[in-house]
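Coordinate analysis (summary)
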Amino acid sequence: MKRIIFASTLLACSSVYALPTQQTPWNAIVSATPQVGQYATISQALSAAPMQGTPWRILIKDGHWQERLVIDRPVTLIGESQEGTIIEADTPAGALDGSGNKLGTSRTSTVEVQASGITMENLTIRNSFDFPANKSLPDGDPRKLKDTQAVALMIADNVDEARFRRVKLEGYQDTFYSKSGSRSYFTDCIVTGHVDFIFGSGIAVFERCDIIARNRTDISSPLGYITAPSTASAAKYGLIFINSKISREAGVPAKSFALGRPWHPTTQFSDGRYADPEAIGLAAFIDCDIDEHIYGWDKMSGKDKAGEKIWFYPQDSRFYEFSNRGPGAGQGGEHYQLSAVDAAQYNLKTIFSGWQPALLK
């Protein structure tokens, strides 16, 4: 098979990370032991940043930052270290808000990006809801939640030019949510989870990233699904993985995860509430290393106009592979293989037309 060199040849970067020097000063520093002029929380630093103009550069020193952030202005957030700078919150979909209503998936994010032109580097974003502990509770225990979606990072509708480098996203179910009209670009990042843990209708490109399937012992295979795209049928791009690793935690068995399944979100229409028929999900894995836990693609259910269960099948979606390697590559069969000509359309210049994500030194 002809091999195509994709965007990594255009945007190669060093694997050694160093914080910017004093030649690029910080507009704000967040520290657990703040000195004069520094901030004690990330939220305080964000509130001080201007709503528009040149993005503020905010250094976040190492610490477990128990905060839920809404980023509504262009900023650059840089952690002191990926493993030591941790932003986290315990917010599952089944938790109740102040009015006694369930949060629902869209209100669980540890970090929600609402502004275009943001950058995040060198830190971890975690939804610390303990999925395994919740599952281990006996049925009938009032503490046991049914709605276990728990988003770490959400890119809101119509957010553009969201850039992530050396960021780790940790969760179990629904770790990363990319919403309609958004474009985000991830390089040298890590994403962990099991059920539909990279999902949504927006455009998100993961290059040189490690996508790690988490183990679970409460059910038999399938244990989870890497992606659950709900891409609008008119959209050309969706969830795209280039030169990345599709790997697993210790203990995850062979052929226990699907690369993806088609999500048709339940939507209110003029003639009723039912699964959106125009959400023809797109997920593409190009030039990736895929471990043996992958068995191919899978189906997903929804509700029709009468409220009855219906199934959506992977062969009717836009699920693609090209030039992948490893024991999990190509398990869905020839139907999902892109031609070299079609695969060549999945490059940064085309996907991010009008925006060339600059390297972050």
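Residues numbered from 1 in each chain as written. Predicted model: local features only at pLDDT ≥ 70, side-chain atom pairs only at ≥ 80, totals over all residues. Heavy atoms only, no water.

Turning our attention to the nonpolar core. Counting 58 residues, the largest nonpolar core has Ile58, Met120, Leu153, Phe164, Phe186, Phe206 and Ile211 as its most contacted members. It is strand β10 (residues 162-170) that contributes the most residues to this core, 4 residues altogether. If we skip the residues at most four places from it in the chain, Phe186 touches Leu153, Phe164, Leu169, Phe176, Ala204, Val205, Phe206, Glu207 and Cys209. In terms of nonpolar packing, the next biggest core, distinct from the first, is built from 17 residues, Tyr237, Leu282, Leu338 and Ile351 among them. (Core = buried A, V, L, I, M, F, W, Y, C linked by side-chain atoms within 4.5 Å. Buried < 20%, exposed > 50% of the residue type's maximum accessible area, 1.4 Å probe, protein only. Helix = DSSP H or I, 4+ residues; strand = E, 2+ residues; numbered from the N terminus. Contact = heavy atoms within 4.5 Å.)

Residues in a regular strand project their side chains so that they alternate between the two faces of the sheet. Of all 5 residues that make up strand β2 (residues 56-60), 4 are buried, and the element is covered over most of its length. By the bridge criterion, 3 bridges tie strand β1 (residues 28-30) to β2 in an arrangement that is parallel. Residue Ile29 lies in a different strand from β2, and its bridge partner there is Leu59. Taking the sense of rotation as the criterion, the β-α-β connection linking β1, helix α1 (residues 42-48) and β2 turns out right-handed. For β2 and strand β5 (residues 75-79), the ladder comprises 5 bridges, and the chain directions are parallel. Bridge assignment links Trp56 to a residue of β5, and that residue is Val75. (Pairing = 2+ DSSP bridges. Right-handed = clockwise from strand over helix to strand, strands pointing away.)

One pass over the structure, following the stated rule, counts 18 aromatic pairs. Ring geometry for Tyr177 versus Phe199: centroids 4.2 Å apart, planes at 20°, classification stacked. Of the two residues, Tyr177 is situated in strand β11 (residues 176-178) and Phe199 in strand β14 (residues 198-200); the sequence distance between them amounts to 22 residues. Classification of Phe199 by relative accessible area gives buried; the value is 3%. Through a chain of ring-to-ring contacts, the aromatic side chains of Phe164, Phe176, Phe186, Phe206, Phe241, Phe285, Trp297, Phe319 and Tyr336 assemble into a single cluster. Taking the ring centre of Tyr225 as reference, the NZ or CZ of Arg261 above it sits at 3.9 Å. (Phe/Tyr/Trp six-rings, centres within 6.5 Å; stacked < 30°, edge-to-face > 60°. Lys NZ or Arg CZ within 6 Å of the ring centre and 35° of its normal.)

A separate point is the pairing of strand β22 (residues 272-275). Bridge count between strand β21 (residues 266-269) and β22: 4 bridges; the pairing is antiparallel. Along β22, the bridge assignment pairs Phe269 with Gly272. The turn linking β21 back onto β22 is made up of 2 residues.

This is a description of form; function is not addressed.
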